[in-house]
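Chain residues, written in single-letter form:
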Amino acid sequence: MKTLKTIITFLIIYFSFFISANAQIVYTDIYDDTCSTYTSFPCSYNLDLNNDGTPDFAINLNIVIHSCPCGFATIGLSQITLCADSGNKVTLNIGLPSALNVGTIVDFSSVSSVIGCPFISAYTTTHCQQGWCAPGGHQGNWGGYPYVDHYLGLMINTGSANYFGWARLGVYGANAFTIKDYAYNSIPNQYILAGDTGTLSTGIIRHTFTQSHIKISPNPFSNSTTISFSLPQSQNVSLKIFDVNGRLIKTLADNTLKQGQHQVVWNVNDVQPGIYYLQIQTPDFVKTEKLIVTK
């Protein structure tokens, strides 16, 4: 596969969701690398998330020979897998790499160690289709026709620190994949949002609405919490609650508010205990805050 790539580094000042800090999203744009059973296989892409010269993950396309029930002796089944270097982790769903949507949070609570090289998308059995042997038994959270881009949630361990990142893939059934681009947060132990190139919603801070204008109390909480903030001018404000998988749980506000002090209460009688994320967004500010619900 091609190895030519262009590394574009965006140094973006934003507030961490644990502490206020300068964070750097290191974004790598690839000249789309495709691995396909229609061209050459087996093949693989060695993903060096932090561009230090050592591959952190390997995305592989292999063909596994399987017996056929339709008179043919065997058939080749295509399988796309993800292997992680020792200590590195991946966002998983039922033990297989998750197909994340843009904006999904990748952090300690969302990644897990992998066993072996789990399927991204794979055919594992065969069946008869109009007298012909056809692949079946699809496994994986990816795949489908046509290509649909999703994101791998990734964490690399360098021995002294952990870094969170993402890689964007297009997966075509289990017959082909294209890696489009990837990025990581170069501040150790700080989260990243899937698809964030430094301009998404981890927050490019300008000068109208800042972290100092926001207060959340209590947190942790069991019944309700109050989000207090002040607006330096009239503007649209969006307050949304997401779970750890990036699913929208509640929209607390999404309308124009006047200049001055505001308070919004989130009652959690109908939600399970756990970690949630409040996304606060105005036309020139985005911030994500971690919320802990206890019962």
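What counts and what doesn't
- Residues numbered from 1 in each chain as written.
- Predicted model: local features only at pLDDT ≥ 70, side-chain atom pairs only at ≥ 80, totals over all residues.
- Heavy atoms only, no water.
- Helix = DSSP H or I, 4+ residues; strand = E, 2+ residues; numbered from the N terminus.
- Buried < 20%, exposed > 50% of the residue type's maximum accessible area, 1.4 Å probe, protein only.
- Phe/Tyr/Trp six-rings, centres within 6.5 Å; stacked < 30°, edge-to-face > 60°.
- Disulfide = S-S within 2.5 Å.
- pLDDT = per-residue confidence, 0-100.
- Contact = heavy atoms within 4.5 Å.

**Describing unusual backbone geometry**
The amide bond that connects Ser 217 to the next residue, Pro 218, takes the cis arrangement and shows omega of -5°. Mapped onto the secondary structure, Pro 218 falls in the loop between strand 16 (214-217) and strand 17 (224-231). The omega angle of the peptide bond from Asn 219 to Pro 220 is 10°, so this bond is cis rather than trans. One non-glycine residue, Asn 51, lies in the positive phi region at around 55°. Topologically, Asn 51 is positioned in the loop between strand 3 (43-47) and strand 4 (57-67). In this structure Asn 51 comes out as partly exposed when scored by relative accessible area, which is 23%. In the Ramachandran plot, Asn 189 falls in the positive-phi region, its phi being about 70° despite a non-glycine side chain. The residue Asn 189 is located in the loop between strand 14 (176-185) and strand 15 (192-193) in this model. We classify Asn 189 as partly exposed; its relative accessible area is 34%.

**A look at the packing of aromatic side chains**
This model, assessed by the stated rule, comprises 6 aromatic pairs. On the basis of an interplanar angle of 85° and a centroid distance of 5.3 Å, the ring pair of Tyr 151 and Trp 166 is categorised as edge-to-face. In this pair, Tyr 151 is assigned in strand 12 (residues 148-157) and Trp 166 in strand 13 (residues 162-172), connecting sequence segments 15 residues apart. For the pair formed by Tyr 151 and Trp 166, the shared burial category is buried.

**Brief notes about the state of the cysteines**
Summed over the entire model, instances satisfying the criterion amount to 2 disulfides. Covalent S-S linkage joins Cys 35 and Cys 43, the inter-sulfur distance amounting to 1.5 Å. Residues Cys 35 and Cys 43 are joined by a disulfide whose S-S torsion is about 95°; by sign, that bridge is right-handed. Both residues of the pair, Cys 35 and Cys 43, count as buried.

**Some points on the confidence of the model for the chain**
Averaged over the chain, the pLDDT score is 81; the fraction of residues at 70 or greater is 82%. Taken together, the stretch residues 1-22 has pLDDT below 50 and engages in 74 contacts with residues farther than four places along the chain or on a different chain.

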